[in-house]
Amino acid sequence: MMSKIVRTQANFLYPFILIFGFYIVAHGHLTPGGGFQGGAVIATGIALVIVAYGYDRIKSWIKKSTLTATESIGLLCFILTAFIGIGTSFFYNFLANSGLLFGDRVSYGVNPGYLNTAGTLPIMNLAVGIEVLGGLGAILMYMMSYGKEVDK
Amino acid sequence: MIFNAPFISVMILVIFGLYAMVFRRNLIKVVIGLDIVESAVNLFMVSLGYVKNGIAPIYTNSPGGAMVLPTPQALTLTSIVIGVATSAMLLSFCILIYRYYGTLDTRKVRRLRE
Amino acid sequence: MRNILMLIVFLTIFSFFMYVAINPGDFNSQTGEHFVFGSPKFTDMDNYFIHNAQNQTGANNVVTSIVFDYRGFDTLGEASVLFTAVLGVGLALRLLRGDKK
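Residues numbered from 1 in each chain as written. Chains lettered and ligands numbered in written order. Predicted model: local features only at pLDDT ≥ 70, side-chain atom pairs only at ≥ 80, totals over all residues. Heavy atoms only, no water.

Each helix and strand counted, chain C has 4 helices and 2 strands in total. Starting at the N terminus and ending at the C terminus, chain C contains elements arranged as α-β-β-α-α-α. Counting every position in chain C, which comprises 101 residues, the buried fraction comes to 41%. Sequence separation of 24 or more characterises 3% of the internal contacts of chain C that already satisfy a separation of 6 or more. Accessible surface, chain C as shown: approximately 5,800 Å² in total, 65% of it carbon and sulfur. (Helix = DSSP H or I, 4+ residues; strand = E, 2+ residues; numbered from the N terminus. Buried < 20%, exposed > 50% of the residue type's maximum accessible area, 1.4 Å probe, protein only. Contact = heavy atoms within 4.5 Å. Areas by Shrake-Rupley, 256 points an atom, 1.4 Å probe, with all protein chains shown as cover.)

Printed below as a string of structure tokens:
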């Protein structure tokens, strides 16, 4: 556990890092970024909290089993989203230009960017973002738990 | 000569990484050398797809003009995540080796030989 | 002695790499065109992606549409690799903890 200044700064910065990561994930089909990058940004937020508060305190807040379950759920959502379009082919983008959820038609060329487009891409971005968040967080937690055992 | 500057920097990075992997004795430094080589390969793939005066292949409020090739960038995205996974596995093996041998020096990790 | 030998091998590899980087050679041996940084030769696939990605997938970001739509199997393998890496790290460090008891 680090000093009070570091903990206060971590408390202040943690929600902003989370919001920035979810912004990158949600706008993956419009701006630079996507699921992997946004998930990595959220994982840096977890790393900041782990470093500021130490493993012993974090252990009761964030469970390792929760993180690995999050990762599995993300991967399953990704594969299921790919399977829904199996009528045409695996990974078929069945929502694009259909008028349903995320199904608005977009004209060719430069445009300001509309969130309700791109079919299955935002869903896959969200699934992969959840998966990367869980995976990197689980790796961090496992390595921090080993450091604690050596100290004892 | 000067328009090949990215390729030259890629080769210098590969050489630095290979030097660290061959001549260093510490296992953590070997892993760092592997990561440097990996970054050099990523830079090589991105610079292969560069088009002169090109912009990023994104249509949102873009200024217009030629776009750089998107496929090498997608492959680089794949490569970066696989590099993170490889680094995590190697570092966890380093942790295991330190646990069983008490050192990370490759000259001293030779209990199998005796 | 062994270090000197390795250094010689190393310098050889270094000089070869620098030769290749400074003079990339004939990229297409039939037309004799050199590969020049900034003007790649074979761009048919990428031009197809750039011109058709907006109509076919509706995404403004061409890289995302390639990663998640055109080359989805690639991304599936990548996600599996990350999953397997987390599994391996957890297995290694958990085995360590059971060993300690």
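With that out of the way, let us pick up the overall build of chain A. Each helix and strand in chain A was counted, giving 5 helices and 0 strands. Ordered by position in the sequence, the α and β elements of chain A form the string α-α-α-α-α. Taking 152 residues into account, the globule formula puts the C-alpha radius of gyration at 15 Å, and chain A, at 19 Å, lies well above it. The dimensions of chain A, computed from C-alpha atoms along their principal axes, are 60 × 30 × 20 Å. The proportion of buried residues among the 152 residues of chain A is 43%. Of all intrachain contacts in chain A linking residues separated by at least 6 positions in sequence, the fraction that spans at least 24 positions is 66%. Summing over all exposed atoms, chain A offers an accessible surface of approximately 7,600 Å²; the carbon and sulfur share of this is 71%. (Rg over C-alpha atoms; globule rule 2.2 N^0.38 Å.)

Residue-level contacts link 40 residues of chain A with 30 residues of chain C. In this assembly, chain A packs against chain C so that about 3,100 Å² is buried in total across both faces, 63% of it on carbon and sulfur atoms. Area buried by chain A at its contact with chain C is led by A:Phe91, A:Tyr108 and A:Tyr142, which between them contribute 20% of it. At the junction of chain A with chain C, the criterion picks out 0 salt bridges. Linking chain A with chain C are 6 residue pairs in polar contact (both at pLDDT 80 or more), by the criterion used here. Looking at which element gives the most residues to the side of chain A that touches chain C, the answer is helix H5 (residues 121-151) of chain A, with 13 residues. Across the side of chain A that touches chain C, the residue classes break down as 21 nonpolar, 15 polar and 4 charged. (Buried area = accessible area lost by both parts, 1.4 Å probe. Salt bridge = Lys/Arg side-chain N within 4 Å of Asp/Glu carboxyl O. Polar contact = N/O pair within 3.5 Å; in protein donor to acceptor, adjacent residues only side chain to side chain. Nonpolar A, V, L, I, M, F, W, Y, C, P; charged D, E, K, R; others polar.)

All right, on to helix H2 (residues 44-57) of chain C then. Residues and elements named next belong to chain C. Taking 1.5 Å per residue, 14 residues should reach 20 Å; H2 reaches 19 Å between its end C-alpha atoms and fits that length. Remark: the principal bend of H2, roughly 45°, maps to His 51. Residues of H2 that are buried: Asp 46, Phe 49, Ile 50, Ala 53, Gln 54 and Thr 57. Looking one or two places after H2, you find Gly 58, whose phi comes out positive at around 80°. (Expected span 1.5 Å × (residues − 1). Bend = angle between axes of the 7 residues up to and from the residue.)

As enumerated under the stated definition, the model contains 15 aromatic pairs over all chains in all. Geometrically, the ring pair formed by A:Phe90 and C:Phe73 is tilted, given 5.4 Å between the ring centres and 45° between the ring planes. Taken as a pair, A:Phe90 in the loop between helix H4 (64-84) and H5 and C:Phe73 in helix H4 (residues 72-100) lie in two separate chains rather than in one. Of the residues examined, C:Phe73 reaches a relative accessible area of 54% and is grouped as exposed. Taken together, A:Phe78, A:Phe83, A:Phe90, A:Phe91, C:Phe68 and C:Phe73 form an aromatic cluster joined through their ring pairs. (Phe/Tyr/Trp six-rings, centres within 6.5 Å; stacked < 30°, edge-to-face > 60°.)

With that settled, the discussion passes to helix H1 (residues 2-22) of chain C. Side chains that are three or four residues apart share a direction in an α-helix, a result of its 3.6 residues per turn. Here H1(C) contains 21 residues, and its C-alpha end-to-end distance of 30 Å stays within 8% of the 30 Å for a straight helix at 1.5 Å per residue. Looking at H1(C), one finds that the buried residues are C:Phe10, C:Met18 and C:Ala21. Projected down its long axis, H1(C) carries its buried residues within an arc of 70°, all on one side. H1(C) presents C:Leu5, C:Phe16 and C:Tyr19 as exposed residues on the side facing more than 90 degrees away from its buried surface. Contacts made by the buried residues of H1(C) are with helix H1 (5-23) of chain B. (Arc of directions from axis to C-beta.)

Once that is clear, we can look at the nonpolar core. Counting 52 residues, the largest nonpolar core has A:Phe78 and C:Phe68 as its most contacted members. If you list the elements that add at least two residues to this core, you get helix H2 (35-53), helix H3 (55-61), H4 and H5 of chain A, helix H3 (70-101) of chain B together with H2, helix H3 (62-70) and H4 of chain C. It is H5(A) that provides the largest number of residues to this core, a total of 12 residues. Once you skip the residues sitting within four places of it in the chain, A:Phe78 turns out to touch A:Phe91, A:Met124, A:Ala127, A:Val128, C:Phe68, C:Thr75 and C:Leu76. (Core = buried A, V, L, I, M, F, W, Y, C linked by side-chain atoms within 4.5 Å.)

On the chain B side, the residues contacting the 41 residues of chain C number 44 residues. Buried surface at the junction of chain C and chain B, summed over both partners, amounts to about 4,100 Å²; 77% is from carbon and sulfur atoms. It is C:Phe10, C:Phe37 and C:Glu78 in chain C that bury the most area against chain B; as a group they hold 18% of the surface buried on that side. Where chain C packs against chain B, one counts 5 residue pairs in polar contact (both at pLDDT 80 or more). Those elements giving two or more residues to the side of chain C that touches chain B turn out to be H1, H2, H3 and H4 of chain C. Considering each element in turn, the side of chain C that touches chain B owes the most residues, 12 residues, to H4(C). Here the side of chain C that touches chain B is composed, by residue class, of 28 nonpolar, 8 polar and 5 charged.

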